[in-house]
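Coordinate inspection notes
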Amino acid sequence: MNKKKLYNSFWKNGYVIIKNLISKEEISRIYSQINDLLDISLDKKNGTFTSKSLDKKYLYLKEKSPKLKSHMYDLTKYCDSLIKIAGSQKLLKISKLLLESKTVFVDTPQVRIDHPKERLNLPQHQELNQISKDVITFWIPLVNISKKNGGIYFRPKTHELGHVKYKNSHLSAMQGGKKRAKIINQLFKRKEYRKYKNLAPNLKAGDAVIFHSFIFHGTNPNLSKNIRWIYISRHNSINSAPYLKDETTTLRIPYDKDYNLF
Ligand SMILES: [Fe+2]
């Protein structure tokens, strides 16, 4: 996709999909580093565990020591393989083009690990509590996405609504809990919002959904036996970061602020 088409398509629809944004090698490097972390954690806990499967190792650690599993997870975001992609030219070129700026704030990347035993599927939400109002999220599966393992679903063009308020919208997606799914469904039954239909794209490992922070998005449950590994990087605009201009505010914009004011 050429630059102009990418820019126009993103701002028209609130998202773009780029196939093969990250390579098989980059994906292998992430897995290899997570494997290193798991090996060290497991070695401390149980030196006899010998399975080579990353999924099995992770689930074994989770079962044996949820605490160490959390420590391991906390450290994944500092792995150089994740940081290298977040700060790579290919991602920066896209976010700088879309945000029309020579500088962006690159937030700490993360890997999301979703498994039937560890459900992280979130009801739909807008991406709040970031450094800026305008944030470009790169949502990149490290496994092929199917109906069975779920994945992202979102409502194209909802970025044009700006920051939408609804019952308990000042709470995070986690805090909003299961009730939120119902609230969002009701919201999009309203006459003026009915046209914003859900899209659940077909994605292969390495493909990227790149979306604006105001796009309503969530994840479907993973009903497969395997972990759904997802890489996420967020690039924040320097032009809509209140922390740069306001002495009294916090680094991240609180959920209860009116984002339409920034
Ligand atoms: Fe999100």
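Just above sits the structure.
Residues numbered from 1 in each chain as written. Predicted model: local features only at pLDDT ≥ 70, side-chain atom pairs only at ≥ 80, totals over all residues. Heavy atoms only, no water.

1. Describing the overall build of the protein chain
As a reminder of what qualifies: Runs of E in the DSSP output that reach at least two residues are strands. Runs of H or I that reach at least four are helices, and both are numbered from the N terminus. Using C-alpha atoms as the atom set, the radius of gyration is obtained and then compared with a globule rule of 2.2 Å times the number of residues to the power 0.38. A simple rule labels every residue: compare its accessible area, found with a 1.4 Å probe on the protein chains alone, to the largest value its type can have, and call it buried under 20%, exposed over 50%, or partly exposed in between. Contacts are residue-level and defined by heavy atoms, with any inter-residue pair within 4.5 Å sufficient. Using the Shrake-Rupley algorithm and a 1.4 Å probe, accessible areas are obtained, with residue cover drawn only from the displayed protein chains. Charged residues are defined narrowly, with Lys and Arg counted positive, Asp and Glu counted negative, and His plus the chain ends left uncounted. Charge placement uses NZ in Lys and CZ in Arg. For Asp and Glu, CG and CD serve respectively.
Secondary structure assignment for the protein chain yields eight helices and eight strands. Relative to the globule expectation of 18 Å for 262 residues, the C-alpha radius of gyration of the protein chain, 19 Å, shows essentially globular dimensions. With respect to the principal axes defined by its C-alpha atoms, the protein chain has extents near 60 × 40 × 40 Å. Across the 262 residues that make up the protein chain, the buried fraction comes to 52%. Sequence-distant contacts, at least 24 apart, represent 83% of the contacts inside the protein chain between residues at least 6 apart. Surface summary for the protein chain: the accessible area is close to 13,900 Å², and the carbon and sulfur share equals 52%. In the protein chain, 49 positive and 22 negative side-chain charges are present, and the distance between their average locations comes to 8 Å.

2. A short note on helix H3 (residues 54-64)
The following threshold applies: Counting of polar contacts relies on pairs of N or O atoms within 3.5 Å, with two restrictions inside protein: one atom must be capable of donating a hydrogen and the other of accepting it, and residues adjacent in sequence are counted only when both atoms are side-chain atoms.
Within H3, the full set of buried residues consists of Leu54, Asp55, Lys57, Tyr58, Leu59, Tyr60 and Leu61. Where H3 begins, the capping side chain belongs to Ser53, and its oxygen is found 3.4 Å from the backbone nitrogen of Asp55.

3. Digging into the side chain of Ser213
Within the element layout of this structure, Ser213 appears in the loop between strand S6 (208-212) and strand S7 (217-220). Among all residues touching Ser213, those that are not within four sequence positions of it are Gln126, Glu127, Lys133, Asp134 and Val135.

4. Looking at the environment of Val164
Note on placement: Val164 falls in the loop between strand S5 (151-154) and helix H7 (173-176). Relative accessible area serves as the criterion here: at 5%, Val164 is assigned to the buried category. Not counting chain neighbours up to four residues away, the residues in contact with Val164 comprise Gln126, Ser169, Leu187, Tyr193 and Phe216.

5. Brief notes about the coordination of the iron ion
Going by this rule: Donor atoms (N, O, S) are those found within 2.8 Å of the metal centre, with the cutoff raised to 3.2 Å for Na, K and Ca; water is not part of the atom list, so apparent gaps in a site can occur.
His125 (NE2), Glu127 (OE) and His217 (NE2) make up the full set of protein donors to the iron ion, lying at 2.1 to 2.2 Å. Ordering the donors of the iron ion by residue number gives the pattern H-x1-E-x89-H. For the pair formed by His125 and Glu127, the shared burial category is buried.

6. A closer look at the environment of Leu75
Here Leu75 is to be found in helix H4 (residues 66-76). Residues Leu75 and Leu37, 38 residues apart in the sequence, show an inter-C-alpha distance of 8.3 Å.

7. Quick notes on the pattern of salt bridges
Put simply, the rule reads: The term salt bridge refers to a side-chain nitrogen of Lys or Arg lying within 4 Å of a carboxyl oxygen of Asp or Glu.
Following the criterion strictly, the structure yields nine salt bridges and no others. Here Glu26 ties to Lys90 by a salt bridge, and the two come within 2.7 Å at their closest N and O atoms. In this pair, Glu26 is assigned in helix H2 (residues 24-45) and Lys90 in helix H6 (residues 89-99), connecting sequence segments 64 residues apart. Owing to a relative accessible area of 14%, Glu26 belongs among the buried residues under this scheme.

8. Topic: the side chain of Ser81
Residue position: Ser81 is located in helix H5 (residues 80-86). Overall, Ser81 belongs to the buried group, its relative accessible area being 5%. In this structure the side chain of Ser81 is engaged in a polar contact, spanning 2.8 Å, whose partner is the side chain of Gln33. The contacts of Ser81, once residues within four sequence positions are left out, are Arg29, Ile30 and Gln33.

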